[in-house]
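Residue-level listing of the chains:
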Amino acid sequence: MALPPHFIDLVKDSLLKSFWRKATLRTFLTRHKVKEAFLSTWAADESKRDFLERLFPRLEANDAGEYVVKQMAVSLADQVAFPDLKGWEDEGLKIKNAAEAVAALKTYVTRAKDEERSQKEKDAIRQAALHEKAEIRRHTQTLDTLQERLRELVPSQGTQDGGYRFQDWFYDLVEFFEMPCRRSYVASGRQIDGTLTVEGTTYLVELKFTQGQADATDIDSLLSKLTNVADNTMGIMVSMAGYSSVAIQQASGKKTPLILIDPGHVMALTQGTWKLGELVARLRRHVSQTGEAHLPMGNLSK
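Since we're looking at a predicted model, the values are computed, not measured.

**Q** How should helix α9 (residues 160-176) be read in this particular structure?
**A** For an α-helix, the turn length of 3.6 residues means that residues three or four places apart are oriented alike. If you check α9, its first and last C-alpha atoms are 25 Å apart, about what 17 residues at 1.5 Å a residue would give, namely 24 Å. Those residues of α9 that sit buried are Gly162, Phe166, Gln167, Trp169, Phe170, Tyr171, Asp172, Leu173, Val174, Glu175 and Phe176.

**Q** It is not clear to me how the packing of helix α1 (residues 5-18) against helix α4 (residues 48-59) should be interpreted in this structure. Could you clarify?
**A** The packing of two helices is summarised by the inter-axis angle and the distance between the axes. The N-to-C vectors of α1 and α4 enclose an angle of 145°; their axes lie 11 Å apart at closest approach. For the pair α1 and α4, the sense of crossing is right-handed. Of the residues in α4, those in contact with Ile8, Val11, Lys12, Leu15 and Leu16 of α1 are Lys48, Arg49, Leu52, Glu53 and Phe56.

**Q** I'm lost on the nonpolar core in this one. Help?
**A** Soluble globular proteins: nonpolar side chains tend toward being buried together. Of all hydrophobic cores here, the largest spans 35 residues; its most connected members are Phe166, Trp169, Phe170, Leu196 and Val238. Contributions of two or more residues to this core are made by α8 (143-153), α9, β2 (190-198), β3 (201-208), β4 (234-239), β5 (258-261), α12 (263-270) and α13 (276-290). A total of 7 residues in this core trace back to one element, the largest contributor, which is α9. When near neighbours in sequence (up to four residues on either side) are disregarded, Trp169 contacts Leu146, Arg149, Leu150, Leu153, Val266 and Thr270. If you look at the next biggest cluster of nonpolar residues, it comprises 29 residues, including Phe51, Leu55, Val69 and Leu76.

**Q** Help me understand the packing of aromatic side chains, please; the structure alone is not making it clear to me.
**A** The description of an aromatic ring pair uses the distance of the two centres, along with the angle that the planes make with each other. Evaluation of the coordinates by the stated rule reveals 9 aromatic pairs. Here Trp20 and Trp88 contribute two aromatic rings whose centre-to-centre distance is 6.1 Å and whose plane-to-plane angle is 75°, an arrangement assigned as edge-to-face. Residue Trp20 is located in the loop between α1 and α2 (22-31), and its partner Trp88 is located in the loop between α5 (63-77) and α6 (91-115); the two are separated by 68 residues in the primary sequence. For Trp20, a relative accessible area of 16% translates into the label buried. A residue is classified by how much of its surface remains accessible, and Trp88, at 26% relative accessible area, is partly exposed. For the pair Phe166 and Phe209, a centre-to-centre distance of 4.7 Å together with 5° between the ring planes defines the contact as stacked. In this pair, Phe166 is assigned in helix α9 and Phe209 in the loop between β3 and α10 (216-226), connecting sequence segments 43 residues apart. Here the two residues Phe166 and Phe209 agree in accessibility, since each one is buried. The rings of Phe38, Trp42 and Phe51 are connected pair by pair, giving a single aromatic cluster. The cationic tip of Lys94 hangs over the ring face of Trp20; the distance from NZ or CZ to the ring centre is 4.2 Å. The residue whose ring lies beneath Arg182 is Tyr185, and the NZ or CZ to ring-centre distance is 3.8 Å.

Cut-offs and rules
Residues numbered from 1 in each chain as written. Predicted model: local features only at pLDDT ≥ 70, side-chain atom pairs only at ≥ 80, totals over all residues. Heavy atoms only, no water. Helix = DSSP H or I, 4+ residues; strand = E, 2+ residues; numbered from the N terminus. Expected span 1.5 Å × (residues − 1). Buried < 20%, exposed > 50% of the residue type's maximum accessible area, 1.4 Å probe, protein only. Axes fitted to C-alpha atoms, helices over the stretch in contact; angles between N-to-C directions. Left-handed = near helix turned anticlockwise from the far one by under 90°. Contact = heavy atoms within 4.5 Å. Core = buried A, V, L, I, M, F, W, Y, C linked by side-chain atoms within 4.5 Å. Phe/Tyr/Trp six-rings, centres within 6.5 Å; stacked < 30°, edge-to-face > 60°. Lys NZ or Arg CZ within 6 Å of the ring centre and 35° of its normal.

The analysis is restricted to geometry; functional conclusions fall outside its scope.
Printed below as a string of structure tokens:
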């Protein structure tokens with residue numbers, strides 16, 4: 001009998017959130033008899049999420065593979081600590097997310113065991129599983145859920161509460177793409193909206209969820225924050241209302257450290273057209289070659 005799709009979703013979600021490093025995840029898979037021949041196909045630039053999306057259909061294709069998935073589920077559900085998540089700047093959040101994912105999986109595993117005890121209990125558990133499936137989808141980040149959450153934020157654009165909620169949403173998007181990041185913090189008395197790291201470069205992030213376009217004063221604010229950090233640090237501004245022509249001009253120039261992301265870029269990410277790391281790298285190449293901080297999506301292929 002095929003494994004339930006919502007069970008597979010739980011196992012994958014627990015794997016992604018319990019193991020942040022690829023090497024640690026690979027060790028776990030090796031211990032659970034995933035063949036080395038397949039593990040060797042894991043390219044250095046392939047994310048954990050993409051690798052698991054290739055792996056699980058193979059495991060589900062036969063009884064031996066399904067047994068491997070079930071054993072992984074048992075091991076994941078038995079976790080009481082998450083050593084691979086220790087030491088990160090957002091350690092607390094990573095551990096919280098992993099604990100929630102494992103708790104959801106453990107609930108399912110427990111209910112599945114109960115299902116074997118009696119036919120009467122099976123009927124009740126099946127109904128509970130439907131509810132649980134809905135809960136799983138609610139807790140598991142997908143591009144579809146991120147798109148829906150962003151649409152729900154639109155009415156609050158321009159408000160303080162909307163700005164805080166957009167900040168949470170943006171870093172959920174960053175973590176979906178498995179990019180190293182740090183959420184908002186204060187440094188030298190200045191509020192920093194967070195950082196993300198792409199191809200070895202760390203970017204200070206400035207998030208604008210305002211009704212009006214970002215202007216030159218917003219650019220100056222981000223530039224001033226960059227003066228207090230390491231020389232190789234760059235800045236990314238994300239403005240969901242776009243940029244004034246003066247702001248773009250202010251951000252551009254020889255050796256500018258800024259990249260400007262607009263709603264078109266965000267839409268490309270949520271629609272799966274681009275991955276975050278690829279998009280930032282492409283915009284970085286453009287600013288390095290031209291000094292132009294803003295490259296609209298329509299010009300990306302030129």
